[in-house]
Amino acid sequence: MIAVSTPFRRIIHILAVASALTMPRVALAQCAGISEEGRWRNLDNKGEPTYIDVKMSGGCGDEVLNGETTGSSPHYTMRVWVRQSTGKFYGRPAVKAVYRPWKNKKWLQGNVPTGGYVDQMWVHVEDHNGRSQLHVFIKHQSLDSKPSAQSEYWFSK
């Protein structure tokens, strides 16, 4: 082991701290998560779906290195869980979701096949009754002669 004097150790420590504060933080950059991400529970005990899982994966899409955008774009998935007649939960396959403008806000939208319908799920986090809640609007689009319908729910984490 090399013997180093105390003043020299202090200088090395000061240089290490100074370089950490002045150098770019590319390695420490993190993506900002989306407010819709997580598992949400329907506040209406009889409402379906009972749960919604929203996930973000992929890169930030906004990382810039030497003037070039790097990384991959983020993508989002939505999975709904419905209660079966047995009382157990069934998770429908996860679907891709994208942000779309609606009602002057940015909503995450995904199309969930449910058999004779496609549920167009529109979700958006809002401050509701003093808490962050997931506002969910569902357009139940019929694939045959059955009538289409709409549902609206509030979910919490």
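Provided above is the structure to which this section pertains.
Residues numbered from 1 in each chain as written. Predicted model: local features only at pLDDT ≥ 70, side-chain atom pairs only at ≥ 80, totals over all residues. Heavy atoms only, no water.

S.K.: So what's going on with the nonpolar core? Residues and values would help.
M.R.: Ranked by internal contacts, the top residues of the largest apolar core, which has 20 residues, are Ile52, Met78, Leu108, Met121, Leu134 and Val136. Elements with a minimum of two residues in this core: strand E2 (51-57), strand E5 (75-83), strand E7 (95-102), strand E8 (105-113), strand E9 (117-128), strand E10 (131-142) and strand E11 (149-156). Setting aside its immediate chain neighbours within four residues, Met78 contacts Ile52, Asp53, Pro93, Ala94, Val95, Ala97, Leu108, Gln109, Gly110, Met121 and Val123. (Core = buried A, V, L, I, M, F, W, Y, C linked by side-chain atoms within 4.5 Å. Buried < 20%, exposed > 50% of the residue type's maximum accessible area, 1.4 Å probe, protein only. Helix = DSSP H or I, 4+ residues; strand = E, 2+ residues; numbered from the N terminus. Contact = heavy atoms within 4.5 Å.)

S.K.: Can you break down the environment of Val54 residue by residue, with the values?
M.R.: Examined against the element boundaries, Val54 turns out to sit in strand E2. Under the relative-accessibility criterion, Val54 is labelled buried at 1%. With sequence-adjacent residues up to four places away left out, Val54 is seen in contact with Ile34, Glu36, Glu37, Gly38, Thr77 and Leu108.

S.K.: Give a detailed account of the pairing of E9, specifying residues and quantitative values.
M.R.: As judged from the six bridges shared by E8 and E9, these two strands associate in the antiparallel manner. Bridge pairing in E9 links Gln109 to Trp122. In this antiparallel pair of consecutive strands, E8 and E9, the connection spans three residues, and Gly115 shows a positive phi of 110 degrees. As paired elements, E9 and E10 share twelve bridges and run antiparallel to each other. Each bridged residue has a counterpart across the sheet, and for Trp122 the counterpart in E10 is Phe137. Hairpin connection between E9 and E10: a loop of two residues separates the two successive antiparallel strands, and Asn129 in this loop has a positive phi of roughly 55 degrees. (Pairing = 2+ DSSP bridges.)

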